[in-house]
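In case you want the letters, here they are:
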Amino acid sequence: MMLITGPLWSGKRDFACRLLGCTREELAGRAVWDVQALAAGCGTDAELEALAGRLAGYEAVILTEEGGGVVPADPAVRAAREAAGRLACLLAARADCVVRVFCGLPLVLKGECNL
């Protein structure tokens, strides 16, 4: 599995399409994205581990980085961001390759990806 991460609207899905050699429509069958929203529903570490295990079955997992700005006042939003960060760590540990995309430019963080 390849983990593709980066800020919102940074070109992650377009990069995944180029790398996997597929269209946006075909990408839905080979990858999953916006997984940080799924992490918000996990209340325990065991639930996050199970989610990471399920997501690792995809060719590519696309995760939008969150939490680089002001810490939210709302405890639920803070907890959701923490869960997203923990999920990112779990996925990165499972991934063969981790790529951060910023401004449409890929940077390999782990493993070897045929860019």
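Preceding block: the structure.
Being a predicted model, the structure only gives us computed values, none of them experimental. (Residues numbered from 1 in each chain as written. Predicted model: local features only at pLDDT ≥ 70, side-chain atom pairs only at ≥ 80, totals over all residues. Heavy atoms only, no water.)

1. Focus on the state of the cysteines
For step 1, the next point in the chain: For the coordinates displayed, the defined rule picks out 1 disulfide.
For step 2, the next point in the chain: Paired by a disulfide, Cys97 and Cys113 hold their sulfur atoms 1.3 Å apart. Disulfide Cys97 to Cys113: torsion about the S-S bond roughly -75 degrees, handedness left-handed. Of the two residues, Cys97 is situated in strand E4 (residues 97-102) and Cys113 in the segment after strand E5 (105-110); the sequence distance between them amounts to 16 residues.
For step 3, the next point in the chain: Overall, the relative accessible area of 3% leaves Cys97 in the buried class.
For step 4, the next point in the chain: A residue is classified by how much of its surface remains accessible, and Cys113, at 14% relative accessible area, is buried.
For step 5, the next point in the chain: No disulfide involves Cys17; its sulfur sits 4.4 Å from that of Cys22, the nearest cysteine.
For step 6, the next point in the chain: When its relative accessible area of 9% is taken as the criterion, Cys17 is described as buried.
For step 7, the next point in the chain: Lacking any disulfide linkage, Cys103 is separated from the closest cysteine sulfur, that of Cys17, by 19 Å. (Disulfide = S-S within 2.5 Å. Helix = DSSP H or I, 4+ residues; strand = E, 2+ residues; numbered from the N terminus. Buried < 20%, exposed > 50% of the residue type's maximum accessible area, 1.4 Å probe, protein only.)

2. Some details on unusual backbone geometry
For step 1, the next point in the chain: Positive phi, close to 60 degrees, is recorded for Trp9, a residue that is not glycine.
For step 2, the next point in the chain: For Cys103, which is not glycine, the phi dihedral falls at a positive 55 degrees.
For step 3, the next point in the chain: The residue Cys103 is located in the loop between E4 and E5 in this model.
For step 4, the next point in the chain: Taking relative accessible area as the criterion, Cys103 reaches 60% and is therefore assigned exposed.

3. Points about the nonpolar core
For step 1, the next point in the chain: Within the largest apolar cluster, 18 residues are counted, with the highest numbers of intra-cluster contacts made by Leu3, Val35, Leu48, Leu55, Val61, Leu87 and Leu91.
For step 2, the next point in the chain: At the level of secondary structure, the elements contributing two or more residues to this core comprise helix H4 (45-55), strand E3 (60-64) and helix H5 (75-94).
For step 3, the next point in the chain: Those residues in contact with Leu55 that lie beyond four places of it in its chain are Met1, Val32, Val35, Leu38, Val61, Leu87 and Leu91.
For step 4, the next point in the chain: Counting residues in each nonpolar core, the second largest holds 15 residues, with Ile4, Phe15, Leu20 and Cys113 among its members. (Core = buried A, V, L, I, M, F, W, Y, C linked by side-chain atoms within 4.5 Å. Contact = heavy atoms within 4.5 Å.)

4. Things to note about the pattern of salt bridges
For step 1, the next point in the chain: Per the stated rule, a full pass over the model turns up 6 salt bridges.
For step 2, the next point in the chain: For the salt bridge of Glu59 with Arg30, the shortest nitrogen-to-oxygen distance reads 2.7 Å. Residue Glu59 is found in the loop between H4 and E3, and its partner Arg30 is found in helix H2 (residues 24-30); the two are separated by 29 residues along the sequence.
For step 3, the next point in the chain: Judged by relative accessible area, Arg30 falls into the partly exposed class, the value being 26%.
For step 4, the next point in the chain: Between Arg86 and Asp45 there is a salt bridge, with its nearest N and O atoms 2.6 Å apart. Of the two residues, Arg86 is situated in helix H5 and Asp45 in helix H4; the sequence distance between them amounts to 41 residues. (Salt bridge = Lys/Arg side-chain N within 4 Å of Asp/Glu carboxyl O.)

5. A few points about the sheet that holds E4
For step 1, the next point in the chain: Judged by pairing direction, the sheet is mixed, and its 5 strands sit side by side in the order E2-E3-E1-E4-E5 without closing on themselves. Two strands bound the open sheet, and with one partner strand each, they are strand E2 (31-33) and E5. Strand-to-strand twist in this sheet, taken as the mean axis angle between neighbours without regard to direction, amounts to 20 degrees.
For step 2, the next point in the chain: Relative to E5, E4 runs antiparallel, the two being bridged by 5 bridges. Among the inter-strand pairings, Val99 is bridged to a residue of E5, identified as Val108. (Pairing = 2+ DSSP bridges. Axes fitted to C-alpha atoms, helices over the stretch in contact; angles between N-to-C directions.)

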